[in-house]
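Survey of secondary and tertiary structure
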Amino acid sequence: MKKPEVTPTKETKEFWSGCQKEVLKYQYCNTCNTSQLIPGPVCKKCQSDDLKWAQSKGKGTILSFTEVHRAPTPAFREDAPYFIALIDMDEGFRLMTNIKRDAHTQPFIGQPVTIVFTQQGEQKIPLAQLE
Amino acid sequence: MSIEAFITGAYDTEVGHLPDSSCMQLHTESALGAIKDAGLTPQDIDGVLCAYSFTEPHLMLASVFCEQIGIHPNFSSATQVGGATAAIMLMQAAALVKSGQCEHVLIVTGDNRLSGMSRDGAVAALAEVGHPQFERPFGISVPAAYALVAQKYMHEYDVTSEQLAAIAVEHRRHAGRHPKAHKQEPITIDDVLNSRIIASPLHLLDCCLISDGGAALVVSAGSPSRPSPSAVQVLGVGQGHTHEHIVAAPSLTDYGCRQSSQNAFQMAGMTPKDIDVALIYDSFTITLLVELESIGFFKRGEAGPAALEGALGLDGILPCNTHGGLLSYGHSGAAGGMFHAVEAVQQLRGNVGVRQVKNAKTAFVHGDGGILSAHCSVILGGT
């Protein structure tokens, strides 16, 4: 059983094609200048469809994290335990990522991270590296 | 004279590991039980609300159910809002009878997700509520998503794992008083803390069960008087919605339960202090703690210490989930939330024996769907 494949949609293909080139992009509203937590068809604050993409510097902080011991599917079982984190990016958008780990990795809330990329199936996906 | 909504019938099946059960059999037993409890016949039912099933999924579950038992209502629909489904169907049924569109609405749920699909299968199916692009590629599960909530909430309000464990222990104590509960053997705080980590900081015993079971209610119009002495009135209802996926939640500490409960309390003309027994969605210990504090039963940071002191026990200041909740009574999909509602009705009827809350006149029922995403609160009143 494989890990879930990413199937980009009209709203997200800019993000995922950026990841393939190891460029982290985020969507923001050109009307109210708010970054979208995750991409969507309109601005979640003002419902404007005048949405633009910008390149992130790839820096953020840990909003929360967990170490998963009980994986949801066999594909993730060999990775367990693995970290999942919610990252608040400096530009105001949000990512869920895994955390790059070694034997001593112990993240904390508020910890600065840099986003790097890792290959998963056909797609490069973001990965948090602790500062 | 305005029409009021009353729960006139309530029924729940055996719960736990029921290898001879099926989804539709659990629906049927629950429905016929609730209709009989209401003193009605199936032909009296003119509205039907169903939820969803993992083991017999169908695009039109309510139509399938009506076909199976041979009824032809004036209104029929299925509802899918995860763990908020039961409470939302109750809110919808109340609206249908209060508007005069229906006289007797049947709400029916049931699933055999333990014996019908295995625990692994249920865990994998539930993980599909994660965002397909922005959550699932990272190995998210429902417990992991709630663990993200727990880590942040514990950090903000100094909640300890011991306090969360106290919630699990109290639920097991409640379940020990219910002959049908899935898990009845007592547990200690150490048992919870020593159970294996599922997703830090949540241990196995911080997590709800996976069970087979079904439950149903009949909601009837009362115009204006109470249809029977055992009827329980729907006094207030409300919903709150902030997100579906935890990656898109506007806050990790403030959720839609605040809005849903405010609306329900306002409609009922009550405050949390007026509630005698609370039946609140407890998919994880952290779920209940966040809800108790967001709804206003406790101040921020105070539900955990209160749980340690027995505040949620039968003789506590807020007897909560007196059947044992999803943590110990059982959780069978949408029926999980219905068990809370059925217990509320039975508490208000005053016939639950050793687990009876003394002089229970008001009950607060609350459902949470997704990752604290969709909320519905219902306030009920007995005689």
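These notes cover the structure that comes with them. The residue count restarts for each chain, going from 1 along the sequence in the order it is written. Chains carry letters and ligands carry numbers; both start at the beginning, A for chains and 1 for ligands, and go up in the order they are written. Given that this is a predicted model, residues contribute local features only at a pLDDT of at least 70 and side-chain atom pairs are listed and counted only at 80 or more, while totals for whole chains, interfaces and linings are drawn from all residues. Neither water nor hydrogens contribute to the side-chain values; these are computed over all heavy atoms in the structure.

**A look at the interface of chain A and chain B**
Taken together, the 36 residues of chain A in the interface contact 31 residues of chain B. Taking both sides of the interface into account, the surface hidden between chain A and chain B amounts to around 2900 Å²; carbon and sulfur atoms contribute 66%. Within this document, salt bridges are pairs made up of a side-chain nitrogen of Lys or Arg and a carboxyl oxygen of Asp or Glu, the two lying within 4 Å of each other. Where chain A touches chain B, the interface holds zero salt bridges. Each polar contact in these results corresponds to two N or O atoms within 3.5 Å; when the atoms are within protein, one needs to be able to donate a hydrogen and the other to accept it, and residues that are neighboring in sequence are counted only if both atoms are side-chain atoms. Linking chain A with chain B are 13 residue pairs in polar contact (both at pLDDT 80 or more), by the criterion used here. Working definition: helices are DSSP H or I runs of at least four residues, strands are E runs of at least two. Numbering for both runs from the N terminus. Counting residues per element, the ones that place at least two in the side of chain A that touches chain B are α1 (13–20), β3 (59–68), α2 (74–77), β4 (82–89), β5 (94–99) and β7 (123–130) of chain A. For the side of chain A that touches chain B, the element with the highest residue contribution is β3(A), accounting for six residues. In the scheme used here, Gly and all other residues not listed as nonpolar or charged are polar, with Ala, Val, Leu, Ile, Met, Phe, Trp, Tyr, Cys and Pro taken as nonpolar and Asp, Glu, Lys and Arg as charged. For the side of chain A that touches chain B, the residue count by class is 22 nonpolar, ten polar and four charged. Here a residue-residue contact requires only that any non-hydrogen atoms of the pair lie within 4.5 Å. When two components associate, each loses some accessible surface as probed by a 1.4 Å sphere; the sum of these losses over both components is called the buried area.

**What about the pattern of salt bridges?**
Residues and elements named next belong to chain B. Per the counting criterion, the structure on display carries 18 salt bridges over all chains. Here aspartate 37 and arginine 349 are joined by a salt bridge, their closest N and O atoms 2.9 Å apart. Placement of aspartate 37 in helix α1 (residues 23–37) and of arginine 349 in helix α12 (residues 334–349) is noted, with a sequence separation of 312 residues between them. For aspartate 37, a relative accessible area of 33% gives the class partly exposed. Here the residues in one salt-bridge network are Asp254, Arg258 and Arg300, joined through shared partners. Exposure classes here rest on a 1.4 Å probe applied to the protein chains alone. A residue is buried below 20% of its type maximum, exposed above 50%, and partly exposed in between.

**What to know about the packing of aromatic side chains**
All names here are of chain B. Two rings from Phe, Tyr or Trp (for Trp, the six-membered ring) form a pair when their centres sit within 6.5 Å of each other. Planes less than 30 degrees apart are called stacked, planes more than 60 degrees apart edge-to-face, and all others tilted. Following the criterion strictly, the structure yields 13 aromatic pairs over all chains and no others. Here phenylalanine 265 and phenylalanine 297 contribute two aromatic rings whose centre-to-centre distance is 6.3 Å and whose plane-to-plane angle is 75°, an arrangement assigned as edge-to-face. Of the two residues, phenylalanine 265 sits in helix α8 (residues 257–268) while phenylalanine 297 sits in the loop between α9 (285–295) and α10 (303–308), which places them 32 residues apart along the sequence. The same class applies to phenylalanine 265 and to phenylalanine 297, which are both buried. Note on phenylalanine 297 and phenylalanine 364: the rings are 5.3 Å apart at their centroids and 80° apart in plane angle, and the pair reads as edge-to-face. Placement of phenylalanine 297 in the loop between α9 and α10 and of phenylalanine 364 in strand β10 (residues 362–369) is noted, with a sequence separation of 67 residues between them.

**Describing helix α5 (residues 142–157) of chain B**
Residues and elements named next belong to chain B. By this rule, a helix spans an expected 1.5 Å times one less than how many residues it contains. For α5, spanning 16 residues, the distance from its first C-alpha to its last is 22 Å, which sits close to the expected 22 Å at 1.5 Å a residue. Among the 16 residues of α5, 13 are classified as buried, and the element is accordingly described as predominantly covered. The N-terminus of α5 is capped by serine 141, whose side-chain oxygen sits 3.0 Å from the backbone nitrogen of alanine 144. Directly after α5, the chain includes aspartate 158, whose backbone phi takes a positive value near 55°.

**Concerning the nonpolar core**
Ranked by size, the top nonpolar core spans 88 residues in total, and within it Met96(A), Ile246(B), Ile286(B), Leu292(B), Phe297(B) and Phe298(B) carry the most contacts. If you tally residues by element for this core, the top one is α5(B), at ten residues. Leaving out residues up to four positions away in the same chain, Ile286(B) has contacts with Tyr146(B), Val149(B), Ala150(B), Tyr153(B), Leu164(B) and Leu202(B). We call a set of buried Ala, Val, Leu, Ile, Met, Phe, Trp, Tyr and Cys residues a nonpolar core when their side-chain atoms join them within 4.5 Å.

**A look at the packing of α5(B) against α9(B)**
Residue and element names in this part refer to chain B. Only the stretch in contact is used when fitting a helix axis, every axis being a line fitted to C-alpha atoms; angles between N-to-C directions are given from 0 to 180 degrees. Contact geometry for α5 and α9: axes closest at 10 Å, N-to-C directions at 55°. The pairing of α5 with α9 is recorded here as oblique in orientation. Considering only the axes of α5 and α9, their crossing is left-handed. For the pair α5 and α9, the contacting residues are Tyr146, Val149, Ala150 and Tyr153 in the first and Ile286, Thr287, Leu289, Val290 and Glu293 in the second. A breakdown of the residues in the contact of α5 with α9 according to their chemical character gives seven nonpolar, one polar and one charged. Roughly parallel means an angle under 35 degrees; roughly antiparallel, over 145; roughly perpendicular, 65 to 115; everything else is oblique. The handedness criterion is simple: a crossing whose near helix is rotated anticlockwise from the far helix by less than a right angle is left-handed, and one whose near helix is rotated clockwise is right-handed.

**A few points about the state of the cysteines**
Note on disulfides: each one is a pair of cysteine sulfur atoms within 2.5 Å. Evaluated as defined, the whole model comprises zero disulfides over all chains. You can see Cys29(A) has no disulfide; the closest cysteine sulfur is in Cys46(A), sitting 3.7 Å from it. The thiol sulfur of Cys257(B) is not disulfide-bonded, and the nearest other cysteine sulfur, from Cys376(B), lies at 12 Å. When its relative accessible area of 0% is taken as the criterion, Cys257(B) is described as buried.

**Let's talk about the environment of Ala78(B)**
Residues and elements named next belong to chain B. By the secondary structure assignment, alanine 78 is in strand β3 (residues 75–78). Along the backbone, alanine 78 and valine 365 are 287 residues apart, and their C-alpha atoms lie at a distance of 21 Å. If we skip the residues at most four places from it in the chain, alanine 78 touches Cys50, Ala51, Leu61 and Ala62.

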